[in-house]
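The primary structure of each chain is shown beneath.
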Amino acid sequence: MPNPNDEQSPSEMKWIEKEGKFVIAWKDGHASAYPLPYLRRACPCALCRTERNDPNPLKVIGESTAASWIASVIEPVGHYAIKIEWRDGHSTGIYTFEMLRKICPCCRPLPQE
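Residues numbered from 1 in each chain as written. Predicted model: local features only at pLDDT ≥ 70, side-chain atom pairs only at ≥ 80, totals over all residues. Heavy atoms only, no water.

### Let's talk about the overall build of the chain
To keep it simple, the criterion reads: Secondary structure elements follow DSSP: runs of H or I of four or more residues count as helices, runs of E of two or more count as strands, with numbering from the N terminus. In what follows, residue pairs with any heavy atoms lying within 4.5 Å of each other are defined as contacts. Note on areas: these come from Shrake-Rupley sampling with a 1.4 Å probe, and a residue is covered only by the protein chains present in the view.
Helices and strands together make up the secondary structure of the chain, namely three helices and six strands. For the chain, the succession of helices and strands along the chain, N to C, is β-β-β-α-α-β-β-β-α. Within the chain, counting contacts between residues at least 6 apart in sequence, those at least 24 apart form 40% of the total. Counting only carbon and sulfur atoms, one obtains 53% of the accessible surface of the chain, whose full area is about 7100 Å².

Right, here's the structure in full:
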């Protein structure tokens, strides 16, 4: 489990629902703003990872709906992660702070689909 006093742990987190983003201020002074669709595309659950990495070009992946990109709940998981419940019911991904720091949109953007 990461040390909550680590410089790369959050000092503050806030969900700006009307703007559709989640913001983390890190203890080392960096700030990250994650658009919710970006976080959904980066979902770390086994199902989403499998769908992202499937080499079969003929595999049909379920269509995204508007609800796929909207969060219903964002809550902390201990001192090491957050969990997002998406409006379409998906809620199995645990976004560790280590992962969130690695995928910071201003430092390392994910490919846009």
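### Observations concerning the packing of aromatic side chains
Here is the rule: Here a Phe, Tyr or Trp ring, Trp counted by its six-membered ring, pairs with any other such ring whose centre lies within 6.5 Å, and the pair is stacked when the planes are under 30 degrees apart, edge-to-face when over 60, and tilted otherwise. For every residue, the accessible area (1.4 Å probe, protein chains only) is compared with the maximum for its type, and the residue is labelled buried under 20%, exposed over 50%, or partly exposed between those bounds.
Evaluated as defined, the whole model comprises one aromatic pair. Ring geometry for Tyr 34 and Tyr 38: centres 6.5 Å apart, planes at 40 degrees, overall tilted. Using a relative accessible area of 0% as the deciding quantity, one classes Tyr 34 as buried.

### A look at the nonpolar core
Heads up, the rule is: Side-chain atoms within 4.5 Å are what join buried Ala, Val, Leu, Ile, Met, Phe, Trp, Tyr and Cys residues into a set we call a nonpolar core.
Ranked by internal contacts, the top residues of the largest apolar core, which has 22 residues, are Tyr 34, Leu 39, Ile 82, Ile 84, Tyr 95 and Leu 100. Elements with a minimum of two residues in this core: strand E2 (21-26), helix H1 (36-41), strand E4 (71-77), strand E5 (81-86) and helix H3 (97-102). Those residues in contact with Leu 39 that lie beyond four places of it in its chain are Phe 22, Tyr 34, Ile 84, Trp 86, Tyr 95, Leu 100 and Ile 103.

### Thoughts on the sheet that holds E2
Applied cut-off: Only strands joined by at least two bridges in the DSSP assignment are considered to pair. Whenever a helix is involved, its axis is fitted only over the stretch in contact; in every case the axis is a line through C-alpha atoms, and angles between N-to-C directions fall within 0 to 180 degrees.
Pairing is antiparallel in the open sheet, where three strands are placed in the order E1-E2-E3. With partners counted over all chains shown, the strands left at the sheet margins are strand E1 (10-16) and strand E3 (31-35), one partner each. Sheet twist, expressed as the mean angle between neighbouring strand axes with direction ignored, is 15 degrees. Alignment of E2 against E3, held across five bridges, turns out to be antiparallel. Note that in E3 the partner of Val 23 across the bridge is Ala 33.

### Some details on the pairing of E5
One ladder, built from six bridges, connects E4 with E5; its direction is antiparallel. Bridging across to E5, Pro 76 finds its partner in Ile 82. What sits between the antiparallel neighbours E4 and E5 is a turn of three residues, in which Gly 78 has the positive phi angle 55 degrees. As judged from the three bridges shared by E5 and strand E6 (residues 94-96), these two strands associate in the antiparallel manner. Opposite Lys 83, over in E6, you have Ile 94 as the bridge partner.

### Focus on the sheet that holds E4
Strand order in the open sheet made by the three strands is E4-E5-E6, with antiparallel pairing throughout. Unpaired on one side and paired on the other, E4 and E6 mark the two borders of the sheet. Ignoring which end each strand starts from, the neighbouring axes of this sheet average 25 degrees apart.

Geometry only, nothing functional implied.
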